[in-house]
Amino acid sequence: MSNSIIDVVIIGTGPAGIQAAIHAARKKTSVLVLGRIENSALYGAHIENYACVKGVTEGRVLLEAGISQVLNFGAEVIPEDVLSIGQPDKFFELELESGTKIHCRTIIFTMGVSKKKLSVPGERRLIGQGVSYCVDCDANFYRGATVMVAGNRSAAVDGALTLTDYAQKVYLVAKELSVSPELMDRLQKSTVEVLTPNWVKEIHGENAVSSVTLEDDSTVNLDGIFIELGSKGALELATQVGVALDSER
Ligand SMILES: Cc1cc2nc3c(=O)[nH]c(=O)nc-3n(C[C@H](O)[C@H](O)[C@H](O)COP(=O)(O)OP(=O)(O)OC[C@H]3O[C@@H](n4cnc5c(N)ncnc54)[C@H](O)[C@@H]3O)c2cc1C
């Protein structure tokens, strides 16, 4: 397929890309899906809130099932990243990591978002083991636990307030809180312990988060930390073929 003009190329092998590929392939178009499932936000997640999925399922298992479904409908999957996109003629030209060039009529961008990181020691190693970027996804795993939210804006405060319905103790660490007076009022009336101005210096734990060290060198024992610093889109590739993006708010 790679040498011909493909009808639909889908960049991204997360849930959005997989669903798009299933629909496109069932229309009997030629479909190529690009990207690695290991880079999907879902890959390391534990899922218990998807309809029709009973119990807690690993994201990796769902993604592998999705890719197998995509292949069964006749789409091709190449587990490589796209480095650049151009439009030298009426077709799009995509360059992959291996140097392979792909030509297609249509591109669907499903590259997800990447959560902004704290970039402190321990963070990457403990993702999914107490380090989370999604309160709504993971709060239920922390019933009765001690947790911290790191962030300065409304998502962090909202996340901390949500967690008070689950955890027995919730800390909010912020360099400087910047939220509406209404949200600040709710925070002050809540049981959340606010640590500000302060910030996370290191996350500790062997196989799961056990504590954090803060910039004032204090240590807080924890079962989990939620990092709520917002997201950045992965859509910059799309700008190479003239797609206009909303400015970051
Ligand atoms: C720890 C954690 C727990 C979560 N728990 C839940 C939960 O319980 N319930 C829930 O509903 N959601 C949960 N989520 C959120 C869920 O994972 C995301 O909403 C979902 O993965 C978004 O799907 P997506 O297809 O938009 O993007 P992603 O799944 O992030 O997929 C993006 C894809 O784009 C690819 N890509 C990016 N750039 C390129 C490129 N240049 N070339 C080729 N491919 C590229 C990546 O490789 C990846 O395959 C969780 C997320 C995390 C991190």
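Everything discussed here concerns the structure shown above.
Residues numbered from 1 in each chain as written. Predicted model: local features only at pLDDT ≥ 70, side-chain atom pairs only at ≥ 80, totals over all residues. Heavy atoms only, no water.

A. Summary view of the environment of Ile11. Here Ile11 lies in strand 1 (residues 5-11). C-alpha of Ile11 to C-alpha of Lys54: the two residues are 43 residues apart in sequence and 29 Å apart in space. Other than its neighbours up to four places away in sequence, Ile11 contacts Leu34, Val82, Ile85, Leu94, Ile107, Ile108, Phe109, Thr110, Met111 and Leu237. (Helix = DSSP H or I, 4+ residues; strand = E, 2+ residues; numbered from the N terminus. Contact = heavy atoms within 4.5 Å.)

B. Structural context of the site of the ligand. Thr13, Ala16, Ser40, Asn49 and Val82 are the nearest of the 27 residues found near the ligand. Contact between the ligand and Ala16: an oxygen atom at 2.9 Å from a main-chain N or O atom of the residue. For the ligand, the accessible surface in isolation is 1,000 Å², of which the surrounding protein chains cover 81%. Cavity membership is defined here by more than half of the atoms lying within 2 Å of grid points; on that basis the ligand lies in the largest pocket. Sorting the residues of the shell around the ligand by element identifies helix 1 (15-26), strand 3 (46-47) and helix 3 (135-138) as the ones contributing at least two each. Tallied by class, the residues present in the shell around the ligand amount to 13 nonpolar, ten polar and four charged. (Near = heavy atom within 4 Å. Polar contact = N/O pair within 3.5 Å; in protein donor to acceptor, adjacent residues only side chain to side chain. Areas by Shrake-Rupley, 256 points an atom, 1.4 Å probe, with all protein chains shown as cover. 1 Å grid on protein atoms, 1.4 Å probe; cavity = no way out; pocket = protein on both sides within 12 Å on 5 of 7 lines; lining within 4 Å. Sits in = over half its atoms within 2 Å of the grid points. Nonpolar A, V, L, I, M, F, W, Y, C, P; charged D, E, K, R; others polar.)

C. Spotlight on the sheet that holds strand 11 (residues 146-150). Spatially, 10-17-11-12-13 is the arrangement adopted by the five strands of the open sheet, whose pairing is parallel. In this open sheet, the two strands that pair with only one neighbour each are strand 10 (131-132) and strand 13 (193-195). Relative to strand 12 (residues 169-173), strand 11 runs parallel, the two sharing five bridges. Considered in strand 12, the bridge of Val147 is made with Val170. (Pairing = 2+ DSSP bridges.)

D. Focus on the sheet that holds strand 1. With respect to topology, six strands assemble into an open sheet ordered 5-2-1-8-7-6, the strand pairing being mixed. Taken across any chain shown, the strands that pair with only one partner, and hence form the sheet edges, are strand 5 (76-78) and strand 6 (82-86). Neighbour to neighbour, the strand axes of the sheet diverge by 40° on average, direction disregarded. As paired strands, strand 1 and strand 8 (residues 101-109) are joined by six bridges and run parallel to one another. Its bridge partner lying in strand 8, Val8 is registered against Thr106. Relative to the sheet, helix 1 contacts strand 1, strand 2 (31-34) and strand 8, its axis offset from that of strand 2 by approximately 170°. (Axes fitted to C-alpha atoms, helices over the stretch in contact; angles between N-to-C directions.)

This is a description of form; function is not addressed.
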